[in-house]
Amino acid sequence: RPYAIEMEIDIGKLNAIIKDPAVNEIECQGDDTYVIVRGQMGQKQTDIILTEEEINQIIDTISKTSRVPKEEGLFHAAIGKLNFAAIISEHGSKFIIKKLPTMMREYY
């Protein structure tokens, strides 16, 4: 099972949300729609709207950083603290980012 490691990744407008410890999941249903977050506060719509270009930049950043090539269809990568899943289409892409649990170490 993947677990979180410390790694900084620049995903534009979503950087502040990624750093928010109350947020566990970020969902973008496509361009010109509000980004939705889920976590300790329940589900909330943010005031962030991504363009298709911004969505593609986020997917490209995740692809390059994780070294997982992006292709049309389903795309999945785990990098740093993030588990990233996207549907890539010429008609518009969408994605979900889930924060990975931190690794718990037991000391005896």
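This text follows the structure it describes.
The structure displayed is predicted, hence computed values, not measured ones. (Residues numbered from 1 in each chain as written. Predicted model: local features only at pLDDT ≥ 70, side-chain atom pairs only at ≥ 80, totals over all residues. Heavy atoms only, no water.)

Mind showing me how you'd approach unusual backbone geometry here?
What you tend to see is this: most non-glycine residues have negative phi, and most peptide bonds are trans. Although it is not a glycine, aspartate 32 adopts a positive phi angle of roughly 60 degrees. Inspection of the secondary structure puts aspartate 32 in the loop between β1 (23-28) and β2 (34-39). Even without being a glycine, arginine 67 presents a positive backbone phi close to 65 degrees. Within the element layout of this structure, arginine 67 appears in the loop between α2 (52-66) and β4 (73-79). (Helix = DSSP H or I, 4+ residues; strand = E, 2+ residues; numbered from the N terminus.)

What is the right way to look at the nonpolar core in this model?
What tends to happen in soluble globular proteins is that the nonpolar side chains get buried as a cluster. Residues Leu14 and Phe95 are the most contacted members of the largest nonpolar core, which totals 25 residues. Listing elements by their share of this core, those giving two or more residues are α1 (15-19), β1, β2, α2, β4, β5 (82-88) and β6 (94-99). Ignoring anything within four residues of it in the chain, the contact list for phenylalanine 95 reads Leu14, Ile26, Glu27, Cys28, Leu50, Ile55, Ile58, Phe84, Ala85 and Ala86. (Core = buried A, V, L, I, M, F, W, Y, C linked by side-chain atoms within 4.5 Å. Buried < 20%, exposed > 50% of the residue type's maximum accessible area, 1.4 Å probe, protein only. Contact = heavy atoms within 4.5 Å.)

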